Amino acid sequence: AQKVTQAQTEISVVEKEDVTLDCVYETRDTTYYLFWYKQPPSGELVFLIRRNSFDEQNEISGRYSWNFQKSTSSFNFTITASQVVDSAVYFCALSEAGIQGAQKLVFGQGTRLTINP
Amino acid sequence: DVKVTQSSRYLVKRTGEKVFLECVQDMDHENMFWYRQDPGLGLRLIYFSYDVKMKEKGDIPEGYSVSREKKERFSLILESASTNQTSMYLCASSPWFSEQPNHNEQFFGPGTRLTVL
């Protein structure tokens with residue numbers, strides 16, 4: 001069965017610090033997709049990134065970067081120079097083979113990130 | 001602006017009541033999903049639908065049913081609400097599967113916090 005583990009339940013840092021959120025996954029599929037979502041206090045999940053299993057290139061988007069390593073089954077997320085607006089719950093997710101073009105997602109437990117001014 | 005809307009942000013019901021949670025998307029997406037979110041457990045898939053009148057069980061379908069009579073609307077039904085169904089319920093929609101980068105993201109609604117007394 002597929003599984004996603006986010007071992008860090010809560011992280012608290014001071015503004016401008018760099019912070020890394022860990023994500024470890026388990027799957028027997030050779031083709032799979034990994035996602036990160038952000039859930040701000042308003043509650044609505046916001047899509048951040050999708051990575052497929054054949055693309056191990058790291059990605060950078062502004063202050064956000066993602067490190068995908070198949071050898072350790074990890075897909076970690078780093079925020080550089082954190083800001084108060086980054087405070088949210090972050091979810092890592094793994095897609096499961098879907099039916100008729102619908103990708104089912106398996107989510108990790110989430111990491112609550114608090115950035116203090 | 002793309003949108004997934006849910007009928008209520010907060011709902012309080014009594015044990016044994018029949019409860020309807022409604023979700024509407026305006027993106028003409030084929031796929032729609034219902035999740036529940038509980039602390040420490042992340043999001044868990046209840047049911048999903050890949051087409052009108054088509055439905056598939058997710059990981060925790062017991063005690064729930066769904067209805068999709070129109071493409072834009074996906075309803076979650078609690079036949080006889082119980083206190084262990086107190087939770088945050090999130091609806092999502094996504095397009096048909098595609099290999100395009102960053103495609104297939106699921107767009108989420110704001111959630112309905114249901115309390116069963």
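Check the entry above for the structure.
Residues numbered from 1 in each chain as written. Chains lettered and ligands numbered in written order. Predicted model: local features only at pLDDT ≥ 70, side-chain atom pairs only at ≥ 80, totals over all residues. Heavy atoms only, no water.

S.K.: Explanation requested: the overall build of chain A in the structure shown.
M.R.: When its secondary structure is counted, chain A shows zero helices and twelve strands. Secondary structure elements of chain A, listed N to C terminal, follow the sequence β-β-β-β-β-β-β-β-β-β-β-β. Here chain A has a C-alpha radius of gyration of 14 Å; the compact-globule value for 117 residues is 13 Å, and the two agree. Principal-axis analysis of the C-alpha atoms places the extent of chain A at approximately 45 × 30 × 25 Å. The proportion of buried residues among the 117 residues of chain A is 47%. (Helix = DSSP H or I, 4+ residues; strand = E, 2+ residues; numbered from the N terminus. Rg over C-alpha atoms; globule rule 2.2 N^0.38 Å. Buried < 20%, exposed > 50% of the residue type's maximum accessible area, 1.4 Å probe, protein only.)

S.K.: What am I meant to see in the layout of surface pockets here?
M.R.: It is a probe the size of a water molecule, rolled over the atoms, that shows where empty space is left. Space inside the largest pocket adds up to approximately 530 Å³. Around the largest pocket, the lining comprises 26 residues; the ones closest to its centre are Gln39(A), Val89(A), Phe91(A), Arg112(A) and Gln37(B). The set of elements that each furnish at least two residues to the lining of the largest pocket consists of strand S10 (88-99) and strand S12 (111-116) of chain A together with strand S4 (31-38) of chain B. The dominant element in the lining of the largest pocket, judged by the number of residues it contributes, is S12(A), at four residues. Of the residues contributing to the lining of the largest pocket, the split by class is eight nonpolar, 13 polar and five charged. Its boundaries defined by the atoms lining it, the second largest pocket holds a volume of some 180 Å³. (1 Å grid on protein atoms, 1.4 Å probe; cavity = no way out; pocket = protein on both sides within 12 Å on 5 of 7 lines; lining within 4 Å. Points joined across faces, edges and corners; volume = space filled by probe spheres on them. Nonpolar A, V, L, I, M, F, W, Y, C, P; charged D, E, K, R; others polar.)

S.K.: Please explain the pairing of strand S8 (residues 73-78) of chain B as it appears in this structure.
M.R.: Looking down a regular strand, the side chains alternate between one sheet face and the other. Residue and element names in this part refer to chain B. For S8, the tally of buried residues reaches five of six residues, placing the bulk of the element in the interior. Bridge count for strand S3 (residues 19-25) against S8 is six bridges, and the pairing is antiparallel. Among the inter-strand pairings, Val-24 is bridged to a residue of S8, identified as Arg-73. Relative to S8, strand S7 (residues 64-70) is paired through five bridges, and the arrangement is antiparallel. Residue pairing in the sheet places Tyr-64 in a bridge with Leu-78 of S8. The turn joining S7 and S8, which pair antiparallel and follow one another in sequence, is formed by two residues. (Pairing = 2+ DSSP bridges.)

S.K.: Explain the pairing of strand S5 (residues 42-51) of chain B to me, please; I cannot follow it from the model alone.
M.R.: Residue and element names in this part refer to chain B. Most of S5 sits out of view: eight of its ten residues are buried. Pairing between S4 and S5: seven bridges, direction antiparallel. Residue Asp-38 lies in a different strand from S5, and its bridge partner there is Gly-42. Counted between consecutive antiparallel strands, the loop separating S4 from S5 contains three residues, among which Gly-40 sits at a positive phi close to 80 degrees.

S.K.: Can you help me understand the nonpolar core in this one?
M.R.: Here is a general trend for soluble globular proteins: nonpolar side chains tend to be buried in one another's company. Ranked by size, the top nonpolar core spans 24 residues in total, and within it Leu21(A), Trp36(A), Phe75(A), Phe77(A), Tyr90(A) and Leu113(A) carry the most contacts. Mapped onto this core, the elements with two or more residues apiece are strand S2 (10-14), strand S3 (19-21), strand S5 (33-39), strand S8 (64-69), strand S9 (74-79), S10 and S12 of chain A. Looking at this core, the element that brings in the most residues is S10(A), giving four residues. Grouped together as the second largest cluster of nonpolar side chains are 21 residues, Leu21(B), Tyr47(B), Val66(B) and Val116(B) included. (Core = buried A, V, L, I, M, F, W, Y, C linked by side-chain atoms within 4.5 Å.)

S.K.: Explain the packing of aromatic side chains to me, please; I cannot follow it from the model alone.
M.R.: Any two aromatic rings considered together are summarised by their centre-to-centre distance and by the angle between their planes. The full count for this structure, using the stated rule, is 20 aromatic pairs over all chains. Both rings, one in Tyr64(A) and one in Trp66(A), keep their centres 6.0 Å apart while their planes meet at 85 degrees; by these two values the pair is edge-to-face. Classification of Trp66(A) as buried rests on a relative accessible area of 4%. Arranged with centres 5.7 Å apart and planes meeting at 35 degrees, the rings of Tyr35(B) and Phe108(B) form a pair that is tilted. Of this pair, Tyr35(B) sits in strand S4 while Phe108(B) sits in strand S10 (residues 107-108), placing them 73 residues apart in sequence. Residue classification places Phe108(B) among the buried positions, given a relative accessible area of 3%. Through pairs of rings, three or more aromatic residues link up here, namely Phe35(A), Tyr37(A), Phe47(A), Phe91(A), Phe107(A), Phe33(B), Tyr35(B), Phe48(B) and Phe108(B). (Phe/Tyr/Trp six-rings, centres within 6.5 Å; stacked < 30°, edge-to-face > 60°.)

S.K.: Teacher, can you tell me more about the state of the cysteines here?
M.R.: In protein structure, a disulfide is the covalent linkage between the sulfur atoms of two cysteines. All names here are of chain A. Counted according to the given criterion, the structure contains two disulfides over all chains. Here Cys-23 engages in a disulfide with Cys-92; their sulfurs sit 2.0 Å apart. Taking the torsion about the sulfur-sulfur bond, which here is approximately -65 degrees, the covalent link between Cys-23 and Cys-92 counts as left-handed. Taken together, the residues span a long stretch of sequence, with Cys-23 in the loop between S3 and strand S4 (24-26) and Cys-92 in strand S10 at a distance of 69 residues. Since its relative accessible area comes to 0%, Cys-23 is described here as buried. When its relative accessible area of 0% is taken as the criterion, Cys-92 is described as buried. (Disulfide = S-S within 2.5 Å.)

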